[in-house]
Amino acid sequence: MAVPDLDQLIAKGVGGRRVLVRADLNVPLKDGVITDDTRVRASLPTLRRLREAGARVVVMSHLGRPKGERRPEFSLRPVAPRMAELLGTGVSFCEDCVGEVAKAAVADLGDGQVLLLENLRFHAGETKNDDDFARALADLADAYVNDAFGTAHRAHASTAGIATHLEDVAAGDLLRSELEHLQVVREPERPLMVVLGGAKVSDKLAVLEALAPHADVLAIGGAMSYTFMAARGESTGSSLMEPERLDDAKRVMQAAESTGRRLLLPTDHVVAERVEPGAPCRIVEGAVPEGWMGVDIGPATAERYAQEIAQARTFFWNGPMGVFEIPEFAAGTERIAEAAAASGARTVVGGGDSLAAVNQLGVGDRIDHLSTGGGASLEYVQGLELPGVAALER
Ligand code: ADP
Ligand code: MG
């Protein structure tokens, strides 16, 4: 079984047919104004190709977490004019994503025209993958395209259920490109170097467990590293640490050891008295002293990780090395971003905060792939099947 792509769907002929596209238009809004339109832009290539092929394009998405209720602050309405501007054509908007009003709006579409439906999550059936709701969505279309990589790890009505009701389906260009780039991490040219950071072992335990025996080198940074240090019996001062994850951390280290992989932990740290700008801070080697907390990997650790990145053929990074939101604690994360940009390896970066760090440094265009889906990219590199992709298999 394989997942049809947009070429295959278009080759079947979409002219005059209603094609329902699940996009990821979950944009940040402030007082009804889009503050970052990256996701709208990312959705355009698929929409353009379908329009050019003469399809009647119906776009659906979620926005935020309205939890099954119609809450105006989560309306997708502000996205329609932005999409229209970027596409260079009108985009009509329908105030519901199912029912008579949606059917009428779809019936009004001419070939090559675009309609945006209201937030899927105004209906509780969306996240429950309710079959009646999935069927109501499918009723609007002749074919279905999933281009929402960021929600492909969720089995929702618009990402999974709907695909059981329509025969003609395809992965959109964004989804396809994500899968192709992340596949490189699943089947890497070796050595594969992985850097994982961020706040919690709990958030990333599954990926740690999957990658410890898979990556040639797994380097850990961020608050996560203190749970690993504690599991090794080192003192971590008042750093963030998850006592209930010590056994998990030990298991991850054993998994690396028993498969002959290397797992690296920070050997020096930036420590501060408090997590705030201007707080007293210094660099320490080894353990974190009492009364101090680790807020970034130290310069020697950053250098060692950067050297490993330079030697890798494949590099995957998720999660900042410290509290990079505060400039004094951002050096470790910046060093990793620079090393990724300079590396000759295939480089893939995922995770909201890691992408923010890469963009903050302006090195995004020197990274091979910036993954738009944090959770989905982690699940995919673990080797898991994504429900939103599995549903497209034909
Ligand atoms: P991503 O979004 O890239 O997956 P996470 O959400 O897992 O990353 O983690 C990012 C958060 O982790 C940031 O807000 C950062 O401030 C925090 N963080 C990183 N290192 C530390 C640390 N040593 N102490 C406290 N918080 C940290
Ligand atoms: Mg995050």
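The following paragraphs examine the structure supplied in this document. On a predicted model such as this, the values are computed, not experimentally measured, just so you know.

Quick notes on the sheet that holds strand β13 (residues 281-285)
Part 1 of the argument: Taken in spatial order, the three strands of this open sheet run β13-β12-β14, and their pairing is antiparallel. Two strands bound the open sheet, and with one partner strand each, they are β13 and β14 (293-297). Neighbour to neighbour, the strand axes of the sheet diverge by 40 degrees on average, direction disregarded.
Part 2 of the argument: Pairing analysis gives four bridges linking strand β12 (residues 268-272) to β14, with the strands arranged antiparallel. Looking at β14, one finds that A272 is bridged to M293.

A closer look at the nonpolar core
Part 1 of the argument: Within the largest apolar cluster, 65 residues are counted, with the highest numbers of intra-cluster contacts made by L117, L137, L208, F228 and F316.
Part 2 of the argument: Looking at this core, the element that brings in the most residues is helix α7 (residues 201-211), giving five residues.
Part 3 of the argument: Setting aside residues up to four positions removed in sequence, L117 forms contacts with L20, V58, V59, M60, L76, F93, C94, D96, C97, A102 and L140.
Part 4 of the argument: Formed by 33 residues, the second largest nonpolar core is a distinct cluster that contains A80, M83, L87 and L116.

A short note on the site of ligand 1
Part 1 of the argument: Neighbouring ligand 1 are 19 residues, the closest being K204, G294, E325, D353 and S354.
Part 2 of the argument: Measuring from an oxygen atom of ligand 1, one finds a side-chain N or O atom of K204 at 2.8 Å.
Part 3 of the argument: Interatomic distance of 2.6 Å between a side-chain N/O atom of S354 and an oxygen atom of ligand 1.
Part 4 of the argument: Coverage of ligand 1 by the protein amounts to 83% of the 580 Å² it exposes when considered alone.
Part 5 of the argument: Judged by its atoms lying within 2 Å of the grid points, ligand 1 is housed in the largest pocket.
Part 6 of the argument: Elements that contribute at least two residues to the shell around ligand 1 include exactly β14 and α12 (352-361).
Part 7 of the argument: Top contributing element to the shell around ligand 1 by residue count: α12, with three residues.
Part 8 of the argument: A class-by-class count of the residues in the shell around ligand 1 yields seven nonpolar, nine polar and three charged.

Some details on the packing of α7 against helix α8 (residues 224-231)
Between two packed helices, what matters for the description is the angle formed by their axes and the separation of those axes.
Part 1 of the argument: Running from N to C, α7 and α8 point in directions that differ by 75 degrees, and their axes come no closer than 10 Å. Classified by the angle their axes make, α7 and α8 are roughly perpendicular. Contacts between α7 and α8 involve V201, K204 and L208 from the former and M224, T227 and F228 from the latter.
Part 2 of the argument: Here the residues of the contact of α7 with α8 sort into four nonpolar, one polar and one charged.

What to know about the packing of aromatic side chains
Part 1 of the argument: Under the counting rule described, the total for this entry stands at zero aromatic pairs.
Part 2 of the argument: Sitting over the ring of Y380, R186 keeps its end group 4.0 Å from the ring centre.
Part 3 of the argument: Against the face of W292 rests R282, its NZ or CZ located 4.5 Å from the ring centre.

Considerations on the pattern of salt bridges
Part 1 of the argument: Scanning the entire structure with this criterion turns up 26 salt bridges.
Part 2 of the argument: One salt bridge connects R56 with D111, and the closest N-O pair in it is separated by 2.7 Å. Placement of the pair is R56 in strand β4 (residues 56-60) and D111 in the loop between α4 (99-107) and β6 (114-117), with a sequence separation of 55 residues.
Part 3 of the argument: When its relative accessible area of 48% is taken as the criterion, D111 is described as partly exposed.
Part 4 of the argument: One network of salt bridges, with partners in common, ties together E209, R245, D248 and R251.

Some thoughts on the environment of M293
Part 1 of the argument: Position of M293 among the secondary structure elements: in strand β14.
Part 2 of the argument: As a C-alpha pair, M293 and R274 span 19 residues in sequence and 7.2 Å in three-dimensional space.

A look at α8
An α-helical turn contains 3.6 residues, so a residue and the one three or four places further along point in the same direction.
Part 1 of the argument: Where burial is concerned, most of α8 is hidden: eight out of the eight residues are buried.
Part 2 of the argument: Contacts made by the buried residues of α8 are with β9 (192-196), α7, β10 (217-220), α9 (246-258), β12 and β14.
Part 3 of the argument: Once α8 finishes, G233 follows within two positions and takes phi at roughly 90 degrees, a positive value.

So, empty space enclosed by the protein
Empty space among the atoms can be located by rolling a probe the size of a water molecule over them.
Part 1 of the argument: According to the stated counting rule, one finds one cavity of 30 Å³ or more in the structure shown.
Part 2 of the argument: Within this model, the largest cavity holds a volume of roughly 60 Å³.
Part 3 of the argument: As for the largest cavity, its lining consists of D24, R39, A42, F149, G150, L174 and T372.

So, the sheet that holds strand β8 (residues 169-171)
Within a sheet, adjacent strands bond to each other through the backbone by hydrogen bonds, running parallel or antiparallel.
Part 1 of the argument: With respect to topology, six strands assemble into an open sheet ordered β5-β6-β4-β1-β7-β8, the strand pairing being parallel. Taken across any chain shown, the strands that pair with only one partner, and hence form the sheet edges, are β5 (91-94) and β8. Sheet twist, expressed as the average angle between the axes of neighbouring strands with direction ignored, equals 25 degrees.
Part 2 of the argument: When strand β7 (residues 143-146) meets β8, the two strands line up parallel, connected through three bridges. Looking at the pairing, N146 lines up with A171 of β8.

Some thoughts on the pairing of strand β16 (residues 346-350)
Part 1 of the argument: In terms of residue burial, β16 counts as a mostly covered element, since four of its five residues are buried.
Part 2 of the argument: Where strand β15 (residues 314-318) and β16 come together, five bridges link them in parallel fashion. Paired with N318 across the strands is G350, a residue of β16.
Part 3 of the argument: Taken together, β15, helix α11 (residues 331-342) and β16 form a β-α-β motif whose crossover is right-handed.

Thresholds, definitions, all that
Residues numbered from 1 in each chain as written. Chains lettered and ligands numbered in written order. Predicted model: local features only at pLDDT ≥ 70, side-chain atom pairs only at ≥ 80, totals over all residues. Heavy atoms only, no water. Pairing = 2+ DSSP bridges. Helix = DSSP H or I, 4+ residues; strand = E, 2+ residues; numbered from the N terminus. Axes fitted to C-alpha atoms, helices over the stretch in contact; angles between N-to-C directions. Core = buried A, V, L, I, M, F, W, Y, C linked by side-chain atoms within 4.5 Å. Buried < 20%, exposed > 50% of the residue type's maximum accessible area, 1.4 Å probe, protein only. Contact = heavy atoms within 4.5 Å. Near = heavy atom within 4 Å. Polar contact = N/O pair within 3.5 Å; in protein donor to acceptor, adjacent residues only side chain to side chain. Areas by Shrake-Rupley, 256 points an atom, 1.4 Å probe, with all protein chains shown as cover. 1 Å grid on protein atoms, 1.4 Å probe; cavity = no way out; pocket = protein on both sides within 12 Å on 5 of 7 lines; lining within 4 Å. Sits in = over half its atoms within 2 Å of the grid points. Nonpolar A, V, L, I, M, F, W, Y, C, P; charged D, E, K, R; others polar. Parallel < 35°, antiparallel > 145°, perpendicular 65-115°, else oblique. Phe/Tyr/Trp six-rings, centres within 6.5 Å; stacked < 30°, edge-to-face > 60°. Lys NZ or Arg CZ within 6 Å of the ring centre and 35° of its normal. Salt bridge = Lys/Arg side-chain N within 4 Å of Asp/Glu carboxyl O. Points joined across faces, edges and corners; volume = space filled by probe spheres on them. Right-handed = clockwise from strand over helix to strand, strands pointing away.

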